[in-house]
Amino acid sequence: MKVLVLSTLCTALALPAMAQDFSAQLKARQGQFRILAINLGIIGDMAKGEAEYDAEAAQSAADSIVAVSMINQGPLWPQGSSEMDLEGTRAKAEIWDNLPDVLSKWDDLGTQAANLQQVAATGQEALGPALGTLGGTCKACHDEYRAPQN
Amino acid sequence: MLRKLTSLAAIVLVTGGAGLWLTKPRTVASEVYAGLTGDAARGATTFTAAGCASCHYAPDAEGEAKRVLSGGQAFKTEFGTFHAPNISPHPQAGIGDWSLTEFASAVRLGTAPEGHHYYPAFPYSSYIRLEPQQIADLWAHLQTLPESDVPSKPHDLGFPFSIRASLGGWKMLYLSEDWVMDDPATHELARGRELVEALGHCGECHTPRTALGGLDRKRWLDGAANPSGEGEIPGIAPAHLDWSSTDIAYYLETGFTPDFDSAGGHMVAVVDNFAALPAEDRAAVAAYLKALGE
């Protein structure tokens, strides 16, 4: 009995210090980046000249990128889900120290995605520059807020 | 016993003195630079390829502010924290009152005009492979940048790394003009070699270091621990990187990997610089990396 009480007490005391289970949030935010990467790849291969230009495919890829950029990020990034708190994420704790900056960088992605959506069906030569500026918004955030790979 | 100690002390003094003399900071031959006139436009390209601004602009500088080389960025390493100094043309706070020869001694040999060693956080062990004309061009370009009166911050290093004289020994071991790739077969490979081994100083992060902090050139571009202590820097020699030449050039232009992940950390600054260079330069880097496996 004593052991049981003691172990229950220990569990209760330990709980607040233990990391919360944010595995769903991690999967969701990493999944959205994966959707971005797959669609950027479709357009990128056309921009590089490695795939034949296909206006319809380019347009739907750009539409998907815009769709991801419209996902409200708040619920995906709870306090306590940085790389300091959890395994399996490279999100730096600085994100939560600079939320307005992070959100403005996410907005920049939205702006550039919308630009890509405008030009995607207009011809192969429009893809490269639009993708370049969009890539700039990825780097701008990863520069400060993503930890290096282990 | 006392006599033994005295003779030991004498030996230490003599060898230590000889060591200090042997390892004292070297300077470049001024006659090499006396006749050179720098071309600021060519120097701008060299400046971009060498990534000077990426370390010397103020922390968090954006846009035009990146042309102001006021220094202040902190680089945390296992030896302590280095602070990039002000290298703007300001005569007191920056390097405006230096001569071209002093600048060349700093960039190629890591020697300050005041006669002390610079720490190799400043990648002079790569820049030593620059041609004197390239140094003159770089110097001419630096004069065109805005002045900043922000004072340089001192480094924050623990003992014994705080003793600059010890760097003389380090330089004897690791400061060499030799290239890793001998006799590049084409002009493109020669340019790629210059971009990777000298200007872009890629080896400084992508090559592992010895216990004494020098590059282990036998494991050239094999990947290494991040000097900041955070994670790993990937290997980019052919054994580690199977990207096509197009993939490598495209990454240097856009920051996108072949599976459309994007560059992060310090590589963002590197990609920004390479994106501003001509496409032939990015192709040259790709050709060089591919040729390392041959």
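Residues numbered from 1 in each chain as written. Chains lettered and ligands numbered in written order. Predicted model: local features only at pLDDT ≥ 70, side-chain atom pairs only at ≥ 80, totals over all residues. Heavy atoms only, no water.

(A) Expanded view of the overall build of chain A. The number of helices and strands found in chain A is six helices and zero strands. Helices (α) and strands (β) of chain A occur, in sequence order from the N terminus, as α-α-α-α-α-α. Within chain A, the proportion of its 150 residues that are buried is 35%. Contacts spanning at least 24 positions in sequence make up 71% of the contacts within chain A whose residues lie at least 6 apart. Per element, the accessible surface of chain A, about 8,500 Å² overall, is 60% carbon and sulfur. (Helix = DSSP H or I, 4+ residues; strand = E, 2+ residues; numbered from the N terminus. Buried < 20%, exposed > 50% of the residue type's maximum accessible area, 1.4 Å probe, protein only. Contact = heavy atoms within 4.5 Å. Areas by Shrake-Rupley, 256 points an atom, 1.4 Å probe, with all protein chains shown as cover.)

(B) Structural view of the overall build of chain B. Within chain B, the regular secondary structure consists of 13 helices and five strands. For 294 residues, the compact-globule estimate of 2.2 N^0.38 gives 19 Å, and chain B sits close to it at 20 Å. Seen through its C-alpha atoms, chain B measures out along the principal axes to roughly 70 × 45 × 35 Å. Of all 294 residues assigned to chain B, the portion counted as buried reaches 47%. Carbon together with sulfur atoms contributes 58% to the accessible area of chain B, which is approximately 14,700 Å² in total. (Rg over C-alpha atoms; globule rule 2.2 N^0.38 Å.)

(C) Local environment of the packing of helix H3 (residues 40-50) of chain B against helix H9 (residues 187-199) of chain B. All names here are of chain B. With their axes 9 Å apart at the nearest point, H3 and H9 run at an angle of 60° to one another. Between H3 and H9, the crossing angle belongs to the class labelled oblique. Residues Thr45, Thr46, Ala49 and Ala50 of H3 form the contact with H9, whose own contacting residues are Arg191, Leu195 and Leu199. (Axes fitted to C-alpha atoms, helices over the stretch in contact; angles between N-to-C directions. Parallel < 35°, antiparallel > 145°, perpendicular 65-115°, else oblique.)

(D) Just the pattern of salt bridges, in detail. Applying the stated rule across the entire model yields 13 salt bridges over all chains. With a shortest N-O distance of 3.6 Å, Glu144(A) and Lys105(A) are connected by a salt bridge. Here the residue Glu144(A) occupies a position in helix H6 (residues 127-145), and Lys105(A) occupies one in helix H5 (residues 99-119), the gap between them amounting to 39 residues. On the basis of relative accessibility, which here comes to 27%, the residue Glu144(A) falls in the partly exposed class. Residue class for Lys105(A) comes out buried when judged on its relative accessible area of 11%. Glu177(B) is the salt-bridge partner of Arg108(B), the closest N and O atoms lying 3.7 Å from each other. Residue Arg108(B) is located in helix H5 (residues 100-109), and its partner Glu177(B) is located in the loop between helix H8 (167-174) and H9; the two are separated by 69 residues in the primary sequence. (Salt bridge = Lys/Arg side-chain N within 4 Å of Asp/Glu carboxyl O.)

(E) Inspection of the nonpolar core at higher detail. Phe47(B), Leu69(B), Phe103(B), Ile135(B), Leu142(B), Leu195(B) and Leu221(B) are the most contacted members of the largest nonpolar core, which has 61 residues in total. Broken down by element, this core gets its largest block of residues, seven residues, from helix H13 (residues 279-291) of chain B. Two domains share this core, each providing at least three of its residues, namely domain 1 (29-174) and domain 2 (187-291) of chain B. Ignoring anything within four residues of it in the chain, the contact list for Phe47(B) reads Cys52(B), Ala53(B), Leu69(B), Leu138(B), His141(B), Leu142(B) and Leu145(B). Ala47(A), Ile65(A), Val66(A) and Tyr250(B) belong to the second largest nonpolar core, which has 25 residues in total. (Core = buried A, V, L, I, M, F, W, Y, C linked by side-chain atoms within 4.5 Å. Domains from an automatic or database assignment.)

(F) Just the interface of chain B and chain A, in detail. Opposite the 21 residues of chain B that make contact, chain A presents 20 residues. When the two sides are added together, the surface that chain B and chain A hide from each other amounts to roughly 1,700 Å², 53% of it contributed by carbon and sulfur. If you look at where chain B meets chain A, you find three salt bridges. Between Arg146(A) and Asp261(B) there is a salt bridge, with the nearest N and O atoms lying 3.1 Å from each other. Summed over the shared surface of chain B and chain A, the number is six residue pairs in polar contact (both at pLDDT 80 or more). Those elements giving two or more residues to the side of chain B that touches chain A turn out to be helix H11 (245-254) and helix H12 (266-275) of chain B. (Buried area = accessible area lost by both parts, 1.4 Å probe. Polar contact = N/O pair within 3.5 Å; in protein donor to acceptor, adjacent residues only side chain to side chain.)

(G) Here's a closer look at empty space enclosed by the protein. All names here are of chain B. Counted according to the given criterion, the structure contains one cavity of 30 Å³ or more. In this structure, the largest cavity occupies an estimated 40 Å³ of space. Contributing to the lining of the largest cavity are Ile236, Ala237, Pro238, Leu241, Ile248, Leu289 and Lys290. The residue inventory of the lining of the largest cavity, partitioned by class, reads six nonpolar, no polar and one charged. (1 Å grid on protein atoms, 1.4 Å probe; cavity = no way out; pocket = protein on both sides within 12 Å on 5 of 7 lines; lining within 4 Å. Points joined across faces, edges and corners; volume = space filled by probe spheres on them. Nonpolar A, V, L, I, M, F, W, Y, C, P; charged D, E, K, R; others polar.)

(H) A look at the UniProt feature "domain: Cytochrome c" (unreviewed entry) in chain B. Here, the residues flagged by UniProt with the feature "domain: Cytochrome c" (unreviewed entry) are residues 38-146 and 187-293 of chain B. A distance of 18 Å separates the end C-alpha atoms of residues 187-293 of chain B, which is 47% helix and 4% strand. (UniProt positions renumbered as here; feature names shortened; annotations may be inferred.)

(I) Inspection of the pairing of strand S2 (residues 80-83) of chain B at higher detail. All names here are of chain B. As paired strands, strand S1 (residues 74-77) and S2 are joined by four bridges and run antiparallel to one another. When the sheet's bridge partners are listed, Lys76 is paired in S2 with Thr81. Counting the residues in the hairpin turn of S1 and S2 gives two residues. (Pairing = 2+ DSSP bridges.)

(J) Layout of unusual backbone geometry. All names here are of chain B. The omega torsion of the bond from Phe159 to Pro160 falls at 5°, within 30 degrees of zero and hence cis. Considering the arrangement of structural elements, one finds Pro160 in the loop between strand S3 (156-157) and H8. In this structure, His201 takes a positive phi of about 40° despite not being glycine. Here His201 lies in the loop between H9 and helix H10 (203-206).

(K) Broad picture of the confidence of the model for chain A. Residues and elements named next belong to chain A. With 87% of its residues at a pLDDT of at least 70, chain A reaches an overall mean of 88. Summarising per-element confidence for chain A, the mean pLDDT is lowest in helix H1 (residues 2-14) (47) and highest in helix H3 (residues 55-69) (98). In the predicted structure, residues 8-17 sits below a pLDDT of 50 and forms zero contacts with residues beyond four places in sequence or in another chain. (pLDDT = per-residue confidence, 0-100.)

(L) Quick peek at H8(B). Residues and elements named next belong to chain B. Listed as buried for H8 are Leu167, Gly168, Trp170 and Lys171. Along the long axis of H8, the arc covered by the buried residues comes to 160°, so they all point the same way. Set apart from the buried face of H8 by more than 90 degrees, the exposed residues are Met172 and Leu173. If you follow the buried residues of H8, they end up packed against H5 and helix H6 (124-127). (Arc of directions from axis to C-beta.)

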